[in-house]
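Structural characterization, general
Take a look at the letters that make up each chain.
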Amino acid sequence: MFSGSIPALVTPFRDGTFDEAAFRRLVDWQIESGSKALVPCGTTGEASTLSNAEHHRVVEVCIEQAAGRVPVIAGCGSNDTRNALLHMNFSRKAGAAAGLCVAPYYNRPSQAGLIAHFSFLAENSDLPIVLYNVPARTVTDIEDETVVELVTKYPDRIVAIKDASGDLSRVADHRMGIGREFCQLSGNDELWLPHSAAGGRGCISVTANVAPSLCAEFHEAIASNDLVTARKINDRLFPLHYAMFSDASPAPVKYALTRVHGWIEDGVRLPLVSASEASRKAVDEALEHAGLV
């Protein structure tokens, strides 16, 4: 259902509020640069600090500006199952292609709780679900057996997974348990190449915010089995992948965007703060290494 370079978009702020004009420009730039889908209101979009009204406006603007040129996978995650459903129902009406649903954070549900959570969403909304597993942030891990059970139970509802566990063996585990056609997307930019080699279809990427053309070219090289080109691009991007997490994300990527565009600011919402001097230095060096500045 999805493939290629899929940026997890930042939410730009100006004077502490959603900068709609900058976001619309970001959406256009991403599509013009070859991104194959867009993800608003994910982790990189600071969804955890948006009010529901802001969250829905960001999703709405993304869908409006994309105007059908690429699908929009709306961030719909919450640690409150009913609030996640609220996001899904809004996103469906707004025209999203799918909802990205993270494992509930803070609550620390069991695997049975995860099955109940995602089952509730699948049974009460007809918006396709992209599971999002990022145990470093949520503590809870959507285990392989749980993924297989959910997809087997709801094959028309749960259509993909963004896996940011860092465990590449899961690609094969999911292929063996679900089938080769199940859409697996990397949630770690630095693992995009080996994840694809194992059977992944692309990456929901932080780096693609600032390097959309390079990330799109990277995926095209992988898709055409041109590993020589893929490795060359990967070498250019690799320091940037790590620089994006040289401080609390998305502060580094927002700073990086200010280096390549004058129309976006790097403000983040508390409890996050702007990227440190050390982080900015890492980003500057990585941008130069990639040939982006």
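As recorded in an unreviewed UniProt entry, the protein chain goes by the name 4-hydroxy-tetrahydrodipicolinate synthase, listed as coming from Pontixanthobacter gangjinensis. The Subcellular location (unreviewed entry) comment attached to the protein chain in UniProt states, word for word, "Cytoplasm". The record held by UniProt for the protein chain lists under Catalytic activity (unreviewed entry) the comment "L-aspartate 4-semialdehyde + pyruvate = (2S,4S)-4-hydroxy-2,3,4,5-tetrahydrodipicolinate + H2O + H(+)".

**Focus on the pattern of salt bridges**
According to the stated counting rule, one finds 18 salt bridges in the structure shown. Among the salt bridges present, the one from Glu265 reaches Arg14, with a minimum N-O distance of 2.6 Å. Within this pair, whereas Glu265 is found in the loop between helix H11 (251-260) and helix H12 (277-290), its partner Arg14 is found in strand S2 (residues 13-14), the two being separated by 251 residues in sequence. Classification of Glu265 as partly exposed rests on a relative accessible area of 33%. Arg259 is paired through a salt bridge with Asp284; the nearest N and O atoms lie 2.5 Å apart. With Arg259 in helix H11 and Asp284 in helix H12, the pair connects residues that are 25 residues apart, well separated along the chain.

**What to know about the packing of helix H9 (residues 212-223) against helix H10 (residues 227-243)**
Helix packing geometry: the angle between the two helix axes and the distance between the axes. Orientation of H9 relative to H10, taken along the N-to-C sense of each, is 150°, at an axis distance of 8 Å. On the basis of the axis angle, H9 is roughly antiparallel to H10. H9 and H10 meet at a crossing whose hand is left-handed. For the pair H9 and H10, the contacting residues are Leu214, Cys215, Glu217, Phe218, Ala221 and Ile222 in the first and Thr229, Ala230, Ile233, Asn234, Arg236 and Leu237 in the second. The class makeup of the residues in the contact of H9 with H10 is 8 nonpolar, 2 polar and 2 charged.

Thresholds, definitions, all that
- Residues numbered from 1 in each chain as written.
- Predicted model: local features only at pLDDT ≥ 70, side-chain atom pairs only at ≥ 80, totals over all residues.
- Heavy atoms only, no water.
- UniProt positions renumbered as here; feature names shortened; annotations may be inferred.
- Salt bridge = Lys/Arg side-chain N within 4 Å of Asp/Glu carboxyl O.
- Helix = DSSP H or I, 4+ residues; strand = E, 2+ residues; numbered from the N terminus.
- Buried < 20%, exposed > 50% of the residue type's maximum accessible area, 1.4 Å probe, protein only.
- Axes fitted to C-alpha atoms, helices over the stretch in contact; angles between N-to-C directions.
- Parallel < 35°, antiparallel > 145°, perpendicular 65-115°, else oblique.
- Left-handed = near helix turned anticlockwise from the far one by under 90°.
- Contact = heavy atoms within 4.5 Å.
- Nonpolar A, V, L, I, M, F, W, Y, C, P; charged D, E, K, R; others polar.

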